[in-house]
Amino acid sequence: MTEIKMPETIRVGAHNAQAIPGVEFFDEPFLKQFKGASFWGFALRLQIGASSDIVPQTTEWFALIEDSYPFGDIWVYPSKANGIDVTFPHQDLNSFGNEKQPWRDGKLCLVSPVQGLGRIAGGKDPIGNYEERFRWHLSRAITWLGCAATNSLMQDGDPFETPYYACSSRRHIVHNESSATFHLWAPYNDGSLGIVVFHEVFKNDNRDLAVSFETMDGIPIRRTRPYSEENHGINSRHRRTGFWWLWKAPIVLPPWQAPTNWGELREIGDQQDIDVDQALRSIASLVRGEAATVLLIGYPMPLICGEGACEIYWQAIRLPRLESTKQAPKGGYLPTEKNFWGRDRRQAFMDQHKFAYLKTENWHPDRMQARGRFGSTMCKAKVALIGCGALGSIIAELLVREGVEDIMLIDGKHLSAHNLVRHTLYGDVIGKNKADALAECLSLSYPFTKIVSINNYLSSSSDQVESLLMDRKIVLDCTGCDEIIQILENVWWEMPKLFISSSVGYKAQRTFIFKAIRHQFPSEEFRRILEPILNEERNNWAENGETLEGPGCWSPLFPARLDDLLLSATSCIKVIEECLLQFRPDAKVVVFEQSFSNDMFTGLTRKECSLLSSMEGE
């Protein structure tokens, strides 16, 4: 049989790692298929200066290096023989694992940007450096062990880390807790129980959205979009419920392990003075004979270690299905509640019975949009967007993705096949109203955002328009239709609004954004400022032999590529944001024009035209 030779990169990396103080390699390296890839395994002894009752000075480990080293994964696991057998922060659940493997499941998280690890063995994982990468990981492992022995893996100032939960089910539970909802839970963090109402986020996708938290008596504590009485109210036939259970503090076994069975949960309950059996009995009395339901178990947590709690953390558990009360307890017991609970306690809720964690995600905008979001002024501003065509659909998506919490989409047209070349919607909604289809599409990605669709043209009735747009701070016109301008001019609102009318010129090489903060749309200023600009645009069209399809060039229906419209939409977003921050009652047109040098795109140039400057021919 041909011997498989260790790659030279791994051999050199292991040789360099042996020079680390406290690291000793023993036994022969081995090649193993693990989690769908080929890994080289090394048996290690790691020695640290400090020790504790649960972390001896010398422990045994296994390091697994993917054969694509210095790329791929490097994992460090405690040995079953002389390793650690408890779970710490920055570590997977340290269970016994596969019987055929000599290591436990408690893989160390060595790339966490925590103070304890960063101060001693800082820097990024040197991916691609075969001489240093294995050495870097084992240096971090030695440092991790030292911090574990001194209880300093989570220090003040570090991001708070919840314990590791081994989720085995495809079902996902979604909620949207934040610091803004934290105060609502103050009366209930003593082990209280209640009802949670779920909404199916996507059809047949195994994701359930918690839209209502209620007391056991049905009194609402907090509700969120897309809750409705019709679909989620107590009398609705569509209502699907589970339970919430709020504890006083993080639900962990020392040093930092999530409970895996009912016995461990009872042990933690004793520490927090919470009667686990009493709560489970209350739940059991309501669900016997029913399909398996969900329990959201939660506790207050800080976002930063050392700071006060400011958010509720929820973790979902799938409750076991309990036998029906139609079946009397075995052994000659009478069919009483006490005896039914005795059966449940002995069977479904016995100490050794492991429970199944469900993947649980917080979709609050603070989390979902943490990578890029508007400031609070922009997020809180209610928007009405008139015209859900190519430009309007892109702007709407940018607004929702970047954090606007309340948007109204208005359009009476339907999506056609030729729209798809530059629209954000897809062919599966051809023939549907643009506003409705766009609202549905955006709601699937952002269910907590309030997105209202009006599938008609803007009414010519001033009273109806006034009422429709009464609470909108931003009124954004993307129709390129003079009639919309006239309709908006005929209404006067008590509170001034930011009016934005945006469109593009020939092939979207220029973007025109009219901005004004007024009690009514200033159509006279709009036309007088734009007229010189529109004359230029008409000349551009005439030179290129095109026929205009609408009044002037103020129409988004002209030929334009999607990439050019994306630049236009982005420019419009920037102007809206700056107007909100300044909120000056002026009326101007901002023109963004694409710049080129030797047929190479060099960016956008910006020009502002006011009534005075355009009359002077600026």
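Residues numbered from 1 in each chain as written. Predicted model: local features only at pLDDT ≥ 70, side-chain atom pairs only at ≥ 80, totals over all residues. Heavy atoms only, no water.

Enquirer: Please clarify how the overall build of the protein chain should be interpreted in this entry.
Expert: For the protein chain, the helix and strand inventory stands at 16 helices and 20 strands. Seen through its principal axes, the protein chain has C-alpha atoms that stretch 85 × 70 × 50 Å. Here the protein chain holds 618 residues, and 51% of them are scored as buried. Residue pairs in contact within the protein chain that sit at least 24 positions apart in sequence constitute 64% of those at least 6 positions apart. (Helix = DSSP H or I, 4+ residues; strand = E, 2+ residues; numbered from the N terminus. Buried < 20%, exposed > 50% of the residue type's maximum accessible area, 1.4 Å probe, protein only. Contact = heavy atoms within 4.5 Å.)

Enquirer: Looking at this structure, how should I read the nonpolar core?
Expert: For soluble globular proteins, nonpolar side chains are generally found buried alongside one another. Grouped together as the largest cluster of nonpolar side chains are 47 residues, with contacts concentrated most on Ile395, Leu399, Ile407, Leu409 and Leu476. Top contributing element to this core by residue count: helix α15 (residues 562–582), with eight residues. (Core = buried A, V, L, I, M, F, W, Y, C linked by side-chain atoms within 4.5 Å.)

Enquirer: In this structure, what is going on with the layout of surface pockets? I would like to understand it.
Expert: Empty pockets left among the atoms are what a rolling probe the size of a water molecule brings to light. Size it by volume and the second largest pocket reaches roughly 440 Å³. What lines the second largest pocket is a set of 22 residues, among which His364, Pro365, Lys380, Glu405 and Phe448 lie closest to the centre. Elements with a minimum of two residues in the lining of the second largest pocket: β8 (220–223), α8 (365–368) and α9 (376–380). Broken down by element, the residue count for the lining of the second largest pocket peaks at three residues, all from α9. Taken together, the residues that form the lining of the second largest pocket break down as five nonpolar, nine polar and eight charged. (1 Å grid on protein atoms, 1.4 Å probe; cavity = no way out; pocket = protein on both sides within 12 Å on 5 of 7 lines; lining within 4 Å. Points joined across faces, edges and corners; volume = space filled by probe spheres on them. Nonpolar A, V, L, I, M, F, W, Y, C, P; charged D, E, K, R; others polar.)

Enquirer: Which parts of the structure should I look at to understand the packing of aromatic side chains?
Expert: In this description, an aromatic ring pair is defined by two values, namely the gap between the centres and the angle between the planes. Here the structure, examined in full by the defined rule, presents 36 aromatic pairs. Arranged with centres 5.1 Å apart and planes meeting at 90°, the rings of Phe514 and Phe526 form a pair that is edge-to-face. Linking Phe514 in strand β18 (residues 510–518) with Phe526 in helix α14 (residues 523–543), this pair joins segments that are twelve residues apart in sequence. The exposure classification of Phe514 matches that of Phe526, with both residues buried. These aromatic residues form a ring-pair network of at least three members: Tyr165, Trp262, Tyr299, Tyr313, Trp341, Phe349, Phe355 and Tyr357. Sitting over the ring of Phe26, Arg45 keeps its end group 4.0 Å from the ring centre. Geometry around Phe96 places Lys80 over its ring, the cationic atom sitting 4.0 Å from the centre. (Phe/Tyr/Trp six-rings, centres within 6.5 Å; stacked < 30°, edge-to-face > 60°. Lys NZ or Arg CZ within 6 Å of the ring centre and 35° of its normal.)

Enquirer: Can you walk me through helix α11 (residues 434–445) in this structure?
Expert: When the terminal C-alpha atoms of α11 are compared, their 17 Å separation across twelve residues agrees well with the 16 Å that a helix rising 1.5 Å per residue should span. Within α11, burial applies to Lys434, Ala435, Ala437, Leu438, Ala439 and Leu442. The inward-facing, buried residues of α11 abut α10 (390–401), β14 (406–410) and β15 (450–454). (Expected span 1.5 Å × (residues − 1).)

Enquirer: How should I be thinking about unusual backbone geometry in this particular structure?
Expert: The step from Tyr69 to Pro70 runs through a cis peptide bond, and the omega angle for that step is 15°. You can see Pro70 is positioned in the loop between β3 (58–66) and β4 (74–78). Cis geometry marks the peptide bond from Arg225 to Pro226, where omega comes out at 5°. For Pro226, the position within the fold is in the loop between β8 and α4 (229–232). The backbone phi angle of Asp27 is positive, close to 65°, even though this residue is not glycine. The exposure class of Asp27 is exposed, given its relative accessible area of 63%. A positive phi is found at Ala508, a non-glycine position, where the angle reads about 55°. By secondary structure assignment, the location of Ala508 is in the loop between β17 (497–504) and β18. Judged by its relative accessible area of 1%, Ala508 is buried.

Enquirer: Explain the side chain of Gln101 to me, please; I cannot follow it from the model alone.
Expert: With respect to the element layout, Gln101 can be found in the loop between β4 and α2 (115–118). By relative accessible area, Gln101 is classed as buried at 12%. Setting aside its immediate chain neighbours within four residues, Gln101 contacts Lys32, Phe34 and Lys80.

Enquirer: What is the right way to read the packing of helix α5 (residues 262–271) against helix α6 (residues 276–287) from this model?
Expert: At their nearest, the axes of α5 and α6 sit 9 Å apart, and the two run at 125° to each other. Between α5 and α6, the angle falls in the class oblique. Contacts between α5 and α6 involve Trp262, Leu265, Arg266 and Gly269 on the former and, on the latter, Val276, Asp277 and Leu280. A breakdown of the residues in the contact of α5 with α6 according to their chemical character gives four nonpolar, one polar and two charged. (Axes fitted to C-alpha atoms, helices over the stretch in contact; angles between N-to-C directions. Parallel < 35°, antiparallel > 145°, perpendicular 65-115°, else oblique.)

Enquirer: Before we go on, may I ask you to explain the pattern of salt bridges in this structure?
Expert: Side chains that carry opposite charge are capable of pairing whenever their charged atoms lie near each other. Taken as a whole and judged by the stated rule, the model has 38 salt bridges. Here Asp344 and Arg288 are joined by a salt bridge, their closest N and O atoms 2.7 Å apart. Taken together, the residues Asp344 in helix α7 (residues 337–346) and Arg288 in the loop between α6 and β10 (294–301) connect sequence positions 56 residues apart. The closest approach of N and O atoms between Asp563 and Arg561, which form a salt bridge, is 2.7 Å. Assessed through its relative accessible area of 37%, Asp563 is described here as partly exposed. By relative accessible area, which is 55% here, Arg561 ends up exposed. Ionic contacts of the salt-bridge type, sharing partners, join the residues Lys515, Glu578, Lys588, Arg606 and Glu608 into one network. (Salt bridge = Lys/Arg side-chain N within 4 Å of Asp/Glu carboxyl O.)

Enquirer: Looking at this structure, I do not really get the side chain of Asn362. What am I missing?
Expert: Residue position: Asn362 is located in strand β12 (residues 356–362). Within the structure, Asn362 has its side chain in polar contact with the side chain of Glu311 (distance 3.4 Å). Here Asn362 is in contact with His175, Asn176, Glu177, Glu311 and Arg367, once residues within four sequence places are set aside. (Polar contact = N/O pair within 3.5 Å; in protein donor to acceptor, adjacent residues only side chain to side chain.)

Enquirer: Honestly, the sheet that holds β3 in this entry has me stumped. Any pointers?
Expert: In a beta sheet, neighbouring strands are held together by backbone hydrogen bonds and run either parallel or antiparallel to one another. Taken together, the four strands give an open sheet; going across it, the order is β1-β2-β3-β4, and neighbouring strands pair in antiparallel fashion. Pairing within the sheet leaves two strands with one partner each, and these edge strands are β1 (23–34) and β4. Going across the sheet, the axis of each strand differs from the next one's by a mean of 25°, ignoring polarity. Sheet topology places strand β2 (residues 37–47) next to β3; nine bridges connect them, and they run antiparallel. Note that in β3 the partner of Trp40 across the bridge is Ile65. (Pairing = 2+ DSSP bridges.)

Enquirer: Just to check I follow, could you spell out the packing of α6 against α7 for this structure?
Expert: The angle between the axes and the distance between the axes are what describe a pair of packed helices. The contact between α6 and α7 brings their axes to 10 Å, and the two run at 110°. When the axis of α6 is compared with that of α7, the two are roughly perpendicular. At the point where α6 passes α7, the crossing takes the right-handed sense. Where α6 approaches α7, its residues Asp277, Leu280, Arg281, Ala284 and Ser285 are matched on the opposing element by Glu337, Lys338, Trp341, Asp344 and Arg345. Residue composition of the contact of α6 with α7, grouped by class: three nonpolar, one polar and six charged. (Left-handed = near helix turned anticlockwise from the far one by under 90°.)

Enquirer: How do you make sense of the sheet that holds β15 when you look at a structure like this?
Expert: One open sheet holds the eight strands; their spatial order is β15-β14-β13-β16-β17-β18-β19-β20, and the pairing between them is mixed. Each end of this open sheet is capped by a strand with a single partner; those strands are β15 and β20 (600–610). Between one strand axis and the next, the sheet turns by 15° as a mean value, whatever way the strands run. Examined bridge by bridge, β18 and strand β19 (residues 587–597) share seven bridges and lie antiparallel to one another.

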